[in-house]
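Examining the three-dimensional arrangement
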Amino acid sequence: MPAWVIDKYGSNDVLRFTRNASFPSITYPNEVVVKVFAAGLNPLDVSMRGGYGAATLSMKRDPLSITASGREFPLILGRDVSGVIMECGLEVKYFKERDEVWAAIPPWKQGSLAEFVVLSANEISWKPKSLSHTEAAAIPYVAATAWSALVNTGGLRKENCGNKRILILGGSGGVGTFAIQLLKAWGAHVTVTCSQNAEQFVRGLGADHVVDYTEGPVEVSLSALEKFDLILDNVGGDTERWALGLLKPWSGSKYVTLVTPFMQNTDRLGVADGMMQTAATVASKALKHLLKGVHYRWGFFAPSGPALDEVRDMVEKGQIRAVVEETFSFSQVPQAFEKMEKGHARGKTVVQVSTGGT
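Everything quoted here is computed from the prediction, not taken from an experiment.

Before going further, it helps to examine the sheet that holds strand 9 (residues 189-194). Here we have six strands laid out as an open sheet, ordered 10-9-8-11-12-13, and parallel in their pairing. In the strand order of this sheet, the two ends are held by strand 10 (209-212) and strand 13 (295-298), each with one partner. Sheet twist, expressed as the average angle between the axes of neighbouring strands with direction ignored, equals 15 degrees. Here strand 8 (residues 165-169) pairs with strand 11 (residues 230-233) via four bridges, running parallel.

Laid out in structure tokens, this is it:
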């Protein structure tokens, strides 16, 4: 089948187009083969192209280390998919051939920059009828990531979000733009940090208050505001030093960061030592901040068809819309990666893999 693959880790020149990629086959009875109409790109794809998380993902693919190292190649990137089911495993009950579906693909699986991809039935969901495949491919990965961070880790739900004050650090990228819409649909008050030229963009998505990080030390502007119930950090770096002081103490408030050293630790130290280092780091930070009356948490992407079911309902109600910054053809995948590397996103980058589809 046609696909964009990498045969080694590196910069953009490792991307290679082939018409002879291995056709994915169903291995387990709960799997489906999906014909890809559109694929969404994320910063993770650029990082994975350079080898980010290689040790951890290799362990996930081959826990017993039966195969030789480097057996992940040729590797297909792309974490978002919107397409049509072509074949179902024997135990797939809720989906059938020709169903239009969308999904966030786990990073240890082959990705969506190919004509076909294999997924588990619990990772897929019916695509919203109101969205084209191109629009639909902009949502699943950021939706699953934000859902995991805000709902699974942050404990937020539609029922308890009303009047809560939420701060999103880095609100104009894929996760930020989705999180703004989700939280506003649930009735929260949302404050966002972004650059001045993105202010109208995030306000258009529903942000109540916007702080321009280019005007000076952003922590000074934020500390003048009323304290927050939850902070979602998409920026990382120096933010941990001051962000937790913006939370309401002794009221169950949480700081959830999506920028964690987990993958770097396992890449640098190996899986066992890296996981021990990670556990020690998060435990010490959590205890230190708990003594100050706030909760420190790490958020991670978690593939979830049921979460996408709920997101689909919100899309159909008009509460969430796809934010597509730029669309590329399948022949322009290297250009799409170059665009991703520049950063400062205003939504998602999508690749149209196949023409057709309703």
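Moving on, we get to the pairing of strand 8. In terms of burial, strand 8 is largely enclosed, as five of its five residues are buried. Because side chains alternate across strand 8, one face comprises the buried residues Arg165, Leu167 and Leu169, and the other comprises Ile166 and Ile168, equally buried. As a crossover connection, the stretch from strand 8 through helix 5 (residues 174-185) into strand 9 is right-handed.

Another aspect to go through is unusual backbone geometry. For the peptide bond that leads from Phe73 to Pro74, omega is -5 degrees, which places it in the cis range. Looking at where Pro74 falls in the secondary structure, it is placed in the loop between helix 2 (54-61) and strand 4 (80-88). Of note, the phi angle at Arg98 is positive, near 80 degrees, even though the residue is not glycine. Positionally, Arg98 belongs in the loop between strand 4 and strand 5 (100-104). Look at Trp250: it is not a glycine, yet its phi comes out positive at around 55 degrees. Judged by its relative accessible area of 65%, Trp250 is exposed.

Let us look at the domain arrangement of the protein chain. Per the domain assignment, the segments of the protein chain are domain 1 (3-138 + 323-352) and domain 2 (143-298). Of note, the centres of domain 1 and domain 2, computed from C-alpha atoms alone, are 27 Å apart. Together domain 1 and domain 2 conceal approximately 1100 Å² of surface at their shared face, both sides included; 64% is due to carbon and sulfur atoms. Per-residue buried area on domain 1 facing domain 2 is highest for Tyr52, Thr56 and Arg346; these three make up 44% of the total on that side. In this assembly, domain 1 and domain 2 are joined by zero salt bridges. Counting across the interface, domain 1 meets domain 2 through four residue pairs in polar contact (both at pLDDT 80 or more). With five residues, helix 2 is the largest single contributor of residues to the side of domain 1 that touches domain 2. The residue makeup of the side of domain 1 that touches domain 2, split by class, is eight nonpolar, five polar and two charged.

Turning our eyes to something else, we now look at the environment of Ile231. Take Ile231: it is sitting in strand 11. Judged by relative accessible area, which is 0%, Ile231 ranks as buried. Between the alpha carbons of Ile231 and Leu150 there is a distance of 9.4 Å; along the sequence they are 81 residues apart. Apart from the residues within four sequence positions on either side, Ile231 is in contact with Leu167, Leu169, Ala243, Leu246, Leu247, Lys254, Tyr255 and Val256.

It is worth spelling out the side chain of Asn42 at this point. Structurally, Asn42 can be placed in the loop between strand 3 (31-41) and helix 1 (43-49). A distance of 3.2 Å separates polar atoms of two side chains, one belonging to Asn42 and the other to Lys348. The contact partners of Asn42, leaving out residues within four places of it in the chain, are Arg79, Asp80, Tyr141, Val142, Met340 and Lys348.

Analysis parameters
Residues numbered from 1 in each chain as written. Predicted model: local features only at pLDDT ≥ 70, side-chain atom pairs only at ≥ 80, totals over all residues. Heavy atoms only, no water. Pairing = 2+ DSSP bridges. Helix = DSSP H or I, 4+ residues; strand = E, 2+ residues; numbered from the N terminus. Axes fitted to C-alpha atoms, helices over the stretch in contact; angles between N-to-C directions. Buried < 20%, exposed > 50% of the residue type's maximum accessible area, 1.4 Å probe, protein only. Right-handed = clockwise from strand over helix to strand, strands pointing away. Domains from an automatic or database assignment. Buried area = accessible area lost by both parts, 1.4 Å probe. Salt bridge = Lys/Arg side-chain N within 4 Å of Asp/Glu carboxyl O. Polar contact = N/O pair within 3.5 Å; in protein donor to acceptor, adjacent residues only side chain to side chain. Nonpolar A, V, L, I, M, F, W, Y, C, P; charged D, E, K, R; others polar. Contact = heavy atoms within 4.5 Å.

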